[in-house]
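Structure assessment
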Amino acid sequence: MANTSELLARMAAYVNDILTGLLSKLIIALIMLLTGFIAGRLVGRIVGRLLHEIEVDRTLEKRGWTMPIEESAATLVSYLIYFGAILVAINHIGLTQVFLYMITGGAVLLVVVGTLLGIKDFIPNFIAGIFMYRKQMYRVGQSVIIKNVEGNVRQINIIETQIDTKEGDRIFIPNSLLIKSQVVVKKL
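What this report covers is the structure whose coordinates are included nearby.

Procedures and definitions
Residues numbered from 1 in each chain as written. Predicted model: local features only at pLDDT ≥ 70, side-chain atom pairs only at ≥ 80, totals over all residues. Heavy atoms only, no water. Helix = DSSP H or I, 4+ residues; strand = E, 2+ residues; numbered from the N terminus. Contact = heavy atoms within 4.5 Å. Lys, Arg positive; Asp, Glu negative; His and termini not counted. Charge placed at Lys NZ, Arg CZ, Asp CG, Glu CD. Salt bridge = Lys/Arg side-chain N within 4 Å of Asp/Glu carboxyl O. Buried < 20%, exposed > 50% of the residue type's maximum accessible area, 1.4 Å probe, protein only. Polar contact = N/O pair within 3.5 Å; in protein donor to acceptor, adjacent residues only side chain to side chain. Phe/Tyr/Trp six-rings, centres within 6.5 Å; stacked < 30°, edge-to-face > 60°. Pairing = 2+ DSSP bridges.

Moving on, we come to the overall build of the protein. A tally of regular secondary structure across the protein gives 6 helices and 5 strands. When its C-alpha atoms are laid out on the principal axes, the protein stretches across 105 × 55 × 20 Å. The contacts in the protein between residues at least 6 apart in sequence include a share of 50% that link residues at least 24 apart. Side chains of the protein carry 19 positive and 14 negative charges; the gap between the two charge centres is 11 Å.

What follows is the structure, encoded as structure tokens:
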């Protein structure tokens, strides 16, 4: 009986040590996160003000650049510090490997989704371009009417067809749209 109670007391002390250690790690990690987020916000504001003082946006605007670099750079610096704070806190808890797997999985997912979104319009236009090329539906210089727009075919490539209108406008029409639309081809 004494062995059982002694064993239970040791187990309780062991569990208590684990929970106390985990709780202290969590509290320290939360303090690290809070400190990192505050530092990120402050450093981001400082970077934004510094870039504003040296008039980065105004200088780039004179050269034709219209994107707000000052705000973008300040936000980027803030987010990098936030990310670093998250990494430090997760490392302190001991979940670095799990977090890195999650980041890697997310990056792979983003690349796959980005690639699929990038080619979703390319594939139908490519197939339509091959179909149009094989059927020789249109020739450069032909006069056509497509959806109430009249013009001459300027160029035909595998993805799109260029039409020059009588008003002097150039229209780029995806080949998949040409296949689906009613097109009137005028005789030469």
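Another aspect to go through is the environment of Thr115. Structurally, the position occupied by Thr115 is in helix 4 (residues 96–119). Separated by 42 residues in the primary sequence, Thr115 and Asn157 have C-alpha atoms spaced 22 Å apart.

This part takes up the pattern of salt bridges. Scanning the entire structure with this criterion turns up 5 salt bridges. For the salt bridge of Glu150 with Lys166, the shortest nitrogen-to-oxygen distance reads 3.0 Å. Of this pair, Glu150 sits in strand 2 (residues 149–156) while Lys166 is found in the loop between strand 3 (160–165) and strand 4 (170–174), placing the two residues 16 residues apart along the sequence. Here Glu150 falls in the partly exposed class, since its relative accessible area comes to 22%. You can call Lys166 exposed: its relative accessible area is 65%.

Turning next to the side chain of Ser176. Within the element layout of this structure, Ser176 appears in helix 6 (residues 175–180). Note on Ser176: relative accessible area 17%, which makes it buried. Within polar-contact distance, the side chain of Ser176 engages the side chain of Asn125 at 2.6 Å. If near-sequence neighbours (up to four positions away) are discounted, Ser176 is found in contact with Pro124, Asn125 and Ala128.

Moving on, we get to the packing of aromatic side chains. Within this structure, the stated rule accounts for 3 aromatic pairs. The interplanar angle of 20° and the centroid separation of 5.6 Å between the aromatic rings of Phe122 and Phe126 together place this pair among those described as stacked. Remark: Phe126 and Phe122 occur in helix 5 (residues 122–135); sequence separation between them is 4 residues, near one turn of the helix. Put simply, the rings of Phe37, Tyr79 and Tyr82 pair up and form one aromatic cluster.

Here we take up the pairing of strand 3. As paired strands, strand 2 and strand 3 are joined by 5 bridges and run antiparallel to one another. Of the residues in strand 3, the one forming a bridge with Val153 is Ile163. Joining the antiparallel neighbours strand 2 and strand 3 is a turn of 3 residues. Across 5 bridges, the pairing between strand 3 and strand 4 is antiparallel. Opposite Glu160, over in strand 4, you have Pro174 as the bridge partner. Counting the residues in the hairpin turn of strand 3 and strand 4 gives 4 residues, including Gly168, whose phi is positive at 95°.

Interpretation note: all reported values are geometric properties and have no functional meaning in isolation.
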